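A closer look at the structure
Read off the chains here:
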Amino acid sequence: MAERKWAEKDEFEIIKQIYNYVKNEIVFGYNSKDEFKASEILAQGYGQCNTKSTLLMTLLRGVGIPTRIHGFLIDKTMQKGALVGLTYLIAPAKVSHTWVEVYYNGNWIALEGVIPDESYYNAVKDKLQKRDGGYYGYAIAVKDIRADNFCFVGKDTYSQSLAITDDVGIFDSPELFFEKYNNTPSPLKNFLFGKILSKRLNKRLQKIRNRKNEL
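The text that follows walks through the structure, step by step, so that each part is easy to find. (Residues numbered from 1 in each chain as written. Predicted model: local features only at pLDDT ≥ 70, side-chain atom pairs only at ≥ 80, totals over all residues. Heavy atoms only, no water.)

Together, K127, K195, K199, R200, K203, K207 and R211 make up a positively charged patch on the protein surface. Turning to its location among the elements, K195 is positioned in helix α7 (residues 187-214). (Patch = residues over 30% accessible without salt bridge, like charges linked within 9 Å, V, L, I, M, F, W, Y side chains within 5 Å. Areas by Shrake-Rupley, 256 points an atom, 1.4 Å probe, with all protein chains shown as cover. Salt bridge = Lys/Arg side-chain N within 4 Å of Asp/Glu carboxyl O. Lys, Arg positive; Asp, Glu negative; His and termini not counted. Charge placed at Lys NZ, Arg CZ, Asp CG, Glu CD. Helix = DSSP H or I, 4+ residues; strand = E, 2+ residues; numbered from the N terminus.)

Let us look at the nonpolar core. If you look at the biggest cluster of nonpolar residues, it comprises 52 residues, and the most contacted ones within it are Y30, L56, L60 and L111. Those residues within four positions of L111 in sequence are excluded, and the remaining contacts are Y19, L56, L60, V100, V102, F152 and T157. (Core = buried A, V, L, I, M, F, W, Y, C linked by side-chain atoms within 4.5 Å. Buried < 20%, exposed > 50% of the residue type's maximum accessible area, 1.4 Å probe, protein only. Contact = heavy atoms within 4.5 Å.)

A sheet is described by the order of its strands in space; here 4 strands give the open sequence β5-β4-β3-β9, paired in antiparallel fashion. The sheet is open, and its two borders are formed by β5 (107-110) and β9 (164-171), each paired with just one other strand. If you compare each strand with its neighbour and ignore which way they point, the axes differ by 30° on average. For strand β3 (residues 67-75) and strand β4 (residues 94-104), the ladder comprises 9 bridges, and the chain directions are antiparallel. Bridge pairing in β4 places I74 opposite V95. On top of the sheet, helix α3 (residues 49-62) reaches β3 and β4; it is set at about 20° to β4, its chief contact. (Pairing = 2+ DSSP bridges. Axes fitted to C-alpha atoms, helices over the stretch in contact; angles between N-to-C directions.)

Once that is clear, we can look at α3. Residues that lie three or four places apart on an α-helix share one face, since the helix turns once every 3.6 residues. Between its terminal C-alpha atoms α3 stretches 20 Å, which fits the 20 Å expected from 14 residues at 1.5 Å a residue. Burial of α3 is extensive: 11 of the 14 residues sit out of reach of the surface. For α3, every residue scored as buried is listed here: C49, N50, T51, K52, S53, T54, L55, L56, M57, L59 and L60. The residue sitting at the N-terminus of α3 and contributing the capping side-chain oxygen is Q48; that oxygen lies 2.8 Å from the backbone nitrogen of N50. (Expected span 1.5 Å × (residues − 1). Polar contact = N/O pair within 3.5 Å; in protein donor to acceptor, adjacent residues only side chain to side chain.)

Bringing the packing of aromatic side chains into the picture now. All told, the structure shown has 15 aromatic pairs when counted by the stated rule. Taken together, a centroid distance of 5.7 Å and an interplanar angle of 65° make the contact between W6 and Y21 edge-to-face. Here W6, found in the segment before α1 (11-25), pairs with Y21, found in helix α1; they are 15 residues apart in sequence, far enough to count as distant. A relative accessible area of 6% means that W6 is categorised as buried. (Phe/Tyr/Trp six-rings, centres within 6.5 Å; stacked < 30°, edge-to-face > 60°.)

Attention now moves to α1. Across its 15 residues, α1 extends 21 Å between first and last C-alpha, which sits within 8% of the 21 Å expected from 1.5 Å per residue. Among the residues of α1, I14, I15, I18, Y19, Y21, V22 and K23 are the ones counted as buried. Looking at the packing, one finds that the buried side of α1 touches α2 (38-44), α3, β4 and α5 (118-124). Regarding α1, its N-cap is D10, as a side-chain oxygen of that residue lies 3.2 Å from the backbone nitrogen of F12 further along.

Shape is all these values report; function is a separate question.
So this is what it looks like as structure tokens:
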């Protein structure tokens with residue numbers, strides 16, 4: 001990523017540009033497992049909350065920006081529309097979830113808004129269901145559906161936070177989080193999701209994007 005010349009920017013621009021890169025150039029999609037390294041996520045070109053967190057942390061730390069992982073469990077019902085059929089049925093009722101926190105301007109700032117790329121969000125925002133003081137569905141759970149709320153402007157960004165059921169703490173690395181929390185703990189679920197279901201989901205997500213872009 002040297003050609004991006006992120007290290008030559010001021011701190012705000014470094015965070016903003018890396019955030020935007022992971023948000024929009026690594027599109028929202030389901031990797032076959034959470035435990036991929038940053039280089040593998042880059043090669044695949046897509047990610048969900050946990051894999052985007054791994055990549056975002058790696059890129060920010062690579063240019064000297066302090067980061068940490070904040071771990072949660074979230075209600076899987078907010079995934080309806082993104083997860084469908086057997087994939088939704090085998091998902092745990094509480095899904096393991098992470099976001100990156102970056103130390104900026106004297107505060108730890110949540111960067112959860114990095115999960116949905118702009119194209120995907122624009123395609124699904126009108127499908128979200130109003131519920132519990134916010135908008136839910138398609139892997140989104142937010143109070144406000146305005147897309148600019150997902151942009152980094154030096155403050156917290158959120159995209160799934162309303163669905164949080166449990167705060168499981170701060171971790172120095174994704175690996176430490178995954179040692180305790182895993183969305184596909186059984187060999188059968190790991191095989192089904194990794195080899196079959198994740199591929200079907202990603203094709204469906206791309207169709208959702210394409211339909212919106214064709215309008």
